[in-house]
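# Structure assessment
Single-letter residue listing:
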Amino acid sequence: MDTGGTSQRERYRARVHAEIKRHAWEQLATTGVCALSLNAIAKCMGMSGPALYRYFASRDELITALIRDAYRSLADTVRAAFDSGADVSGLAHAIRTWAFDDPHRYFLIYGTPVPGYHAPEETKKISFEIMTVLITVHTAVSPRTSATPFDAHLENHRQWAGDHPAPPAALHWALSFWTRLHGALSLELAGHFAGMEFEPALLFEDELNDLLAH
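The residue numbers shown here count from 1 along each chain, following its written sequence. In view of the model being predicted, local features appear only for residues whose pLDDT reaches at least 70, and side-chain atom pairs are presented and counted only at 80 or more, with totals across whole chains, interfaces and linings using the full set of residues. The side-chain quantities take in all heavy atoms of the structure and omit both hydrogens and water.

### Things to note about the overall build of the protein chain
Heads up, the rule is: Each helix is a run of H or I in the DSSP string that is no shorter than four residues. Each strand is a run of E no shorter than two, and both are numbered from the N terminus. Relative accessibility under 20% of the residue-type maximum defines a buried residue, over 50% an exposed one, and the middle range a partly exposed one, all with a 1.4 Å probe and only protein chains included. Where accessible areas are quoted, they stem from the Shrake-Rupley method and a 1.4 Å probe; at the residue level, only the protein chains shown are allowed to cover.
Looking only at helices and strands, one finds 10 helices and 0 strands in the protein chain. For the protein chain, the sequential pattern of α-helices and β-strands runs α-α-α-α-α-α-α-α-α-α. Viewed in the frame of its principal axes, the protein chain has a C-alpha envelope of about 65 × 50 × 35 Å. When each of the 214 residues of the protein chain is scored for burial, the buried share is 39%. On the protein chain, roughly 11900 Å² of surface is accessible, and the fraction owed to carbon and sulfur atoms is 56%.

### Quick look at the UniProt feature "DNA-binding region" (unreviewed entry) in the protein chain
Under the convention used in this document: UniProt positions are given in the numbering used here, feature names are shortened, and annotations may be inferred rather than shown by experiment.
Taken from the UniProt record, the annotation "DNA-binding region" (unreviewed entry) applies to residues 37–56. Secondary structure content for residues 37–56 is 60% helix and 0% strand, while the C-alpha to C-alpha distance between its ends is 12 Å.

### Observations regarding the packing of helix H5 (residues 88–101) against helix H6 (residues 103–110)
Packed helices, taken two at a time, are described by the angle their axes make and the gap between the axes. Our working rule: To define axes, lines are fitted to C-alpha atoms, for helices over the stretch in contact only, and angles between the resulting N-to-C directions are given on a 0 to 180 degree scale. Should an angle fall under 35 degrees it is called roughly parallel, over 145 degrees roughly antiparallel, and 65 to 115 degrees roughly perpendicular, with every other angle called oblique. Any two residues having at least one pair of non-hydrogen atoms within 4.5 Å are treated as being in contact. Throughout this entry, Asp, Glu, Lys and Arg are counted as charged residues, while Ala, Val, Leu, Ile, Met, Phe, Trp, Tyr, Cys and Pro are counted as nonpolar. The remaining residues, Gly among them, count as polar.
Two elements in contact, H5 and H6, have axes whose closest approach is 5 Å; the angle formed by their N-to-C orientations is 110 degrees. As judged from the angle between their axes, H5 and H6 are roughly perpendicular. Packed against H5, whose contacting residues are Trp98, Ala99, Phe100 and Asp101, the element H6 presents Pro103, Arg105, Tyr106 and Ile109 at the interface. Across the contact of H5 with H6, the residue classes break down as 6 nonpolar, no polar and 2 charged.

### Overview of the side chain of arginine 105
Heads up, the condition is: Note on charges: Lys and Arg go in the positive column, Asp and Glu in the negative column, and His and the chain ends are not counted at all. Salt bridges are counted wherever a side-chain nitrogen of Lys or Arg sits within 4 Å of a carboxyl oxygen of Asp or Glu.
Positionally, arginine 105 belongs in helix H6. Buried within the structure, arginine 105 lacks any salt-bridge partner; its nearest side chain of opposite charge belongs to aspartate 102, at an N-O separation of 4.4 Å. In this structure, arginine 105 is in contact with Trp25, Ala70, Ser73 and Trp98, ignoring residues within four places of it in sequence.

This is the structure we're talking about:
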């Protein structure tokens, strides 16, 4: 068995995979995900279209690989912050830093859905890792004592939280964090605050402090 030869082929295939994804990210930054073209990537790499399709069988397969990488990166960032003792505020800033490091990567997973594309379960499982950490950190903090109608609703609508034993109030708080965090981030990264002459970072802090006060 040519173990060395097999290993070399695997390393070569991994390098080509990485290069294809690098070109794909460059395309996303200039033309957006809807215009992602495997043939254009093949041309940039000096390959034929059929040759590239040996690595990614379709555009959707390449999009899945990019989404998986993006979610994996964010999930690892959130987990590392949590394992280092980050509280709710620490997690918020870790996510914000991650988003600003690569806005196109952020919008691939939290922006407008790609028409006709359906994410496989594997990407949903990685995204759930992020939500699990958010639920856990909110469960550790005493939430408000007065229940709301949505808290009561979550008693019987918590399938999205998996087997997490968090009480409904903690689930509600985690959802509020998730929606307000991404609302502020998405507006800022998309440039919707441009020309409004205020500091978006201060708005982000105030939104976070308001959440923590409840």
